[in-house]
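A look at the structure
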Amino acid sequence: MLRARPACGGVLLRRPGPVGRRGYWRTVGLTESIISELDTDHHFVHRSTIPTMHFQDSLPRLPVPKLEDTVKRYLAAQKPLLDDDQYRNTERIAREFEKGVGRKLHRDLVEFDKKNKHTSYISDPWFDMYLCARDPVVLNFNPFISLNPDPKEAYNSQVVRATNLVVSSIKFLNSLNNELLRPDIYYVNPKWSQSRLFKKFIRLLPTSVSWYGAYMVNAYPLDMSQYKRLFNSSRIPKLNKDELFTNELGRHLLVMRNGHFYVFDVLDPDGNILHPSEIQAQLIYILQDADRLPEFSLCYLTTEDRNTWAAVRQQLLEAGNEDNLRKIDSAVFCLCLDNISPKDDTELSHCMLHGRGFNRWFDKSFSLIITSDGTAGVNFEHSWGDGVAVLRFVNEVYRNSTRHPAIVPHSSPAALSATKCERLEFKLNDSIQSAINAARMKFEETNEKISVRMFEFRKFGKEFLVKQKLSPDAVFQLACQITAYRQFGKIISSYEACSTAAFKHGRTETIRPTSIVTKQCSHAFVDERSKHSVAELRNMIDECSKYHRRLQLEAALGKGFDRHLFALKHLSVSRGDPIPELFLDSAYQKLNHIILSTSTLHSPAIHLGGFGPVVPDGFGIGYNVFDTWVGCNTTGYLSRELREFLRCLEYSLNDILDVLEGRPLV
């Protein structure tokens, strides 16, 4: 039988006590510095009436789907990818699994789930999946989000932008630690988000029933358990399985410049934020001090295969670098001050996705990156959590730093004597130096192969599609399916991420955009253009939209099939059982060889986002259907194929537009 264990198998040390509230900042006598008058709350991004974690205890639990439903959905996803003989074989294997070993595994999974009501059935297996992966985290796992510029152009200098974003980030941390950050709630009727009476009522409810109070007005609180790993956290390389480390006692910021490491405290023991002019002064000092690259940049090691990095890290510890590594791991977060100014979105994506290697510590929970021209973004390690917490962080920090900047362009930095800034020096023997050089060469070789391409389609967007009573997401996914069929001449496996944060310790579920209806539509748009009337093609688009909406709803409600099957396989492997035939079936392998890996997010704070492909012959597609246009940030190792995919995608979107406007395909 399964036994519960602490999530992630990591270490979590907590910071005690509330934030101090005595006065403006910890000023250290710096009363003459110019501080923005817009900054109305100097410790927090806001003060929520409802405590941050008020709903955690009463969140609904992620349901374990019925096995027969999972098998049915699995076969539906397989059908468009297989010919008749292949499908019959896969169907036989799936039915035998359902009646035999799968039934036993499912029964044990349900029993385990009932005994561990503090978490979800997918939480531990999903952590294990990430932490046991031995591929480098950069390009394979770490995504990025790039922020829009500050609307006030003068605030986009590197030091001013960095200072304001750091201060707002620490405000977010203080708000989180003091239960003053607004809980994540999805309001079906937005008016309730503004109701003081509702918030006061919910606050009075016991945490054991608070979720039900929100549910009464069609408001749905979301899981916030991942937020505890957002700050003061790092992924620690270990042989065969990494660990997540969090030390909430850490009060220092890690700053990187030209491959050099600097740390200085940004919080005092009471939680008061260092005066912004002091932070500004420290950053100016660092920019001046780190004027050249080190001979051996330790950062390249975080781009290595995890077992290789684990072995070298042990050498670093034995060489006397334990204290420095502890300071890196426990830092509030990592600030990367780059010395480049990307000339376009392609260069910006390369910078945020992988950079040049020597000025990143890819194991930190997140790194805030500021380029020379003040462009900002976040690269985050993926094992500790999904995009929900990072997106919320980005939204709050962008809003606070632009509306309530801590310093203004003509602010004067403080004298440096007030706070100590330490440059970390490492002891590197010949073996470690050789490992750094090897990591650097592998990293540079991989970076030469990755392509990034932007795509914009300006002829329609969300507004037009909604008027057509279509799902904008479904239409984009259909366009991708038609495009892949036009380019490759076959139906291929696709993936769209969907959050299950509506449930306690939910992670994600997979939406499978490839379906029988999209296959039929792809054939009609590519092979049978003259055989169907406009009305028939329009009906096919409608059916694809309806089916995709159903898949979205099932996934969001925890009723997909991917995570259930993954948990059953994980249970079998963890017990040392023979791997069931279902997971050895070539069709199962094909389904999980994701050629089109897609994800979407939208926010006023975000300029663009992206991630690497999940297989060597696949594409990573970060997309958004805006009000009047469609945009993509795409990555792949096959540059020519990626360029052709985007050419075909434009063709497919034009075809869809023709049909929606009543024009026949030619």
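Rules used throughout
Residues numbered from 1 in each chain as written. Predicted model: local features only at pLDDT ≥ 70, side-chain atom pairs only at ≥ 80, totals over all residues. Heavy atoms only, no water. UniProt positions renumbered as here; feature names shortened; annotations may be inferred. Helix = DSSP H or I, 4+ residues; strand = E, 2+ residues; numbered from the N terminus. Contact = heavy atoms within 4.5 Å. Pairing = 2+ DSSP bridges. Axes fitted to C-alpha atoms, helices over the stretch in contact; angles between N-to-C directions. Buried < 20%, exposed > 50% of the residue type's maximum accessible area, 1.4 Å probe, protein only.

- The name given to the protein in an unreviewed UniProt entry is Choline/carnitine acyltransferase domain-containing protein, and the organism recorded there is Gopherus agassizii.
- Per UniProt, the comment on the protein under Sequence similarities (unreviewed entry) is "Belongs to the carnitine/choline acetyltransferase family."

What about the environment of Leu-348?
- By secondary structure assignment, the location of Leu-348 is in helix H11 (residues 345–353).
- Here the alpha-carbon distance between Leu-348 and Val-452, two residues 104 residues apart in the chain, equals 9.9 Å.
- What Leu-348 contacts, discounting residues up to four positions off in sequence, is Ser-146, Pro-342, Thr-375 and His-607.

Re the sheet that holds strand E8 (residues 260–265)
- Read across the open sheet, the 8 strands follow the order E12-E8-E7-E9-E10-E11-E2-E17; overall the sheet is mixed. Unpaired on one side and paired on the other, strand E12 (422–424) and strand E17 (606–610) mark the two borders of the sheet. The mean inter-strand angle of the sheet, taken between neighbouring strand axes irrespective of direction, is 25°.
- Here helix H5 (residues 158–177) sits on the sheet and contacts strand E2 (144–147), strand E7 (252–257), strand E9 (334–337), strand E10 (366–370) and strand E11 (376–380); the angle it forms with E10, its principal contact strand, is near 155°.

Observations concerning the UniProt feature "active site" (unreviewed entry) in the protein
- The UniProt feature table records "active site" (unreviewed entry) at His-382.
- By secondary structure assignment, the location of His-382 is in the loop between E11 and helix H12 (387–403).
- Residue classification places His-382 among the buried residues on the basis of a relative accessible area of 16%.
- Setting aside anything within four residues of it in sequence, one finds His-382 in contact with Tyr-130, Phe-141, Asn-142, Pro-143 and Arg-507.

Digging into the environment of Thr-500
- Tracing the sequence through the fold places Thr-500 in the loop between strand E14 (494–499) and strand E15 (508–511).
- When the C-alpha atoms of Thr-500 and Ala-414 are compared, they prove to be 46 Å apart, with 86 residues separating the residues in sequence.
- Other than its neighbours up to four places away in sequence, Thr-500 contacts Leu-62, Gly-506, Arg-507, Thr-508, Glu-509, Ala-555, Ala-556 and Gly-558.

Re the pairing of E9
- In E9, alternate side chains face the same way, and those of Cys-334 and Cys-336 on one face and Leu-335 and Leu-337 on the other are all buried.
- Sheet analysis places E7 next to E9, joined by 4 bridges and oriented parallel. What sits directly across from Leu-254, in E9, is Cys-334.
- Bridge count for E9 against E10 is 4 bridges, and the pairing is parallel. Residue pairing across strands places Leu-335 opposite Leu-368, the latter belonging to E10.

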